[in-house]
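# Architecture at a glance
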Amino acid sequence: MGLYDGYETIVAERRGRILTLTLNRPEQLNAVNARLHTELSRIFVDVRRDPEADVIVLTGAGRAFCAGGDIDWMQSSIDRPADFEETAREAKEIVFGQLDLDKPIIARVNGHATGLGASLALLCDVVVMAETAKIGDPHVSVGLVAGDGGALIWPQLVGYAKAKHYLFTGDLMTAREAERIGLVTDVAAEGELDAKVYGLAERLASGPLKAIKWTKVTANLPLKALFHSHFDAGVAWECASNLTADHQEAVNAFREKRKPVFTGR
């Protein structure tokens, strides 16, 4: 049995020493449900153990990179809040899976990356966005705390003033704006995304791999210290927000295709 044969929502494909991981729920815009969340908590550990992969490309199937949390999964977490304890544990494994992986990860952001999808992209080492894609963390728009990584990684990339604006409002930004403020690495014009992503991936794969890997390890030390110190608190606050009336109202409004009416409860 192959290393990745047990995965249902992530497809692994090899291109020489480059491994592409594709989030594969295209009809749902690759929104994260319980199965995908569990698989994300394991995939980066399996990649670390893969002797045939030196550079990783993370992308989404279809027209989106990842649309954040699946709305039905959100409702199940409201109905069974004890399940959120497992979600919180997996969230930590996802973040540290990316940060601990000593192989470079390039995010190929082929379409919108929102919520957890934005965190998955921003915790990669290089982020290349299609010009038509947008990125943002609208946790607050569904009455949740951005505790699964967004509240910590955004200020590190763009500073607190910009980060708080986007985290408080949940606004999405264009790829060009994200590149301008330093949130992402590069933007690819239409038809150029693969050339930019795989051109860089091939360059890294043919480079001094030990030096590249150990540079990533060193550069990630402050990030890992930050997440070790504060991630548990962020997830705890997100767990608390899962129990609020405003979160249930946001889920109801999404399903009913209307604007939510928040009450601060």
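Thresholds, definitions, all that
Residues numbered from 1 in each chain as written. Predicted model: local features only at pLDDT ≥ 70, side-chain atom pairs only at ≥ 80, totals over all residues. Heavy atoms only, no water. Buried < 20%, exposed > 50% of the residue type's maximum accessible area, 1.4 Å probe, protein only. Helix = DSSP H or I, 4+ residues; strand = E, 2+ residues; numbered from the N terminus. Pairing = 2+ DSSP bridges. Disulfide = S-S within 2.5 Å. Core = buried A, V, L, I, M, F, W, Y, C linked by side-chain atoms within 4.5 Å. Contact = heavy atoms within 4.5 Å. Axes fitted to C-alpha atoms, helices over the stretch in contact; angles between N-to-C directions.

## Thoughts on the pairing of strand 7 (residues 126–130)
In terms of burial, strand 7 is largely enclosed, as 5 of its 5 residues are buried. On strand 7, burial covers both faces: Val126, Val128 and Ala130 on one face and Val127 and Met129 on the other are all buried. As defined by bridge partners, strand 5 (residues 105–109) adjoins strand 7 across 4 bridges and the pair is classed as parallel. Looking at strand 7, one finds that Val109 is bridged to Met129. In the sheet, strand 7 pairs with strand 10 (residues 186–188) via 3 bridges, with the strands oriented parallel. Within the sheet, the bridge partner assigned to Met129 lies in strand 10 and is Val187.

## Some words on the state of the cysteines
If you walk through the whole model with that rule in mind, you get 0 disulfides. The closest cysteine sulfur to the non-disulfide-bonded Cys66 is located on Cys124, 11 Å from its own sulfur. Given a relative accessible area of 0%, Cys66 falls into the buried group. No disulfide involves Cys239; its nearest neighbouring cysteine sulfur is the one of Cys66, lying 19 Å away.

## Focus on the nonpolar core
Among the nonpolar cores identified, the biggest contains 72 residues, and Ile135, Leu183 and Phe227 are the most heavily contacted of them. For this core, the leading source of residues is helix 3 (residues 83–100), giving 6 residues. Leave out the neighbours within four places in its chain, and Ile135 touches Ala113, Ala118, Leu122, Met129, Asp171, Leu172, Met173, Ala178, Leu183 and Val184. Counting residues in hydrophobic clusters, the runner-up holds 7 residues, among them Ile71, Met74, Val142 and Ala250.

## Some words on the sheet that holds strand 3 (residues 55–60)
Overall, mixed pairing links the 6 strands, which are arranged 1-2-3-5-7-10 in an open sheet. Edge positions in the sheet fall to strand 1 (10–15) and strand 10, since each has one partner strand and no second. The average undirected angle you get between the axes of adjacent strands in this sheet is 20°. Sitting on the sheet, helix 1 (residues 34–48) touches strand 1, strand 2 (18–23), strand 3 and strand 5, and the angle it makes with strand 2 is about 175°.

## Quick look at the side chain of Asp70
The topology assignment puts Asp70 in the loop between strand 4 (64–66) and helix 2 (71–79). If we ignore the near neighbours within four places in the chain, the residues touching Asp70 are Arg25, Gln28, Ala31, Val32 and Asn33.

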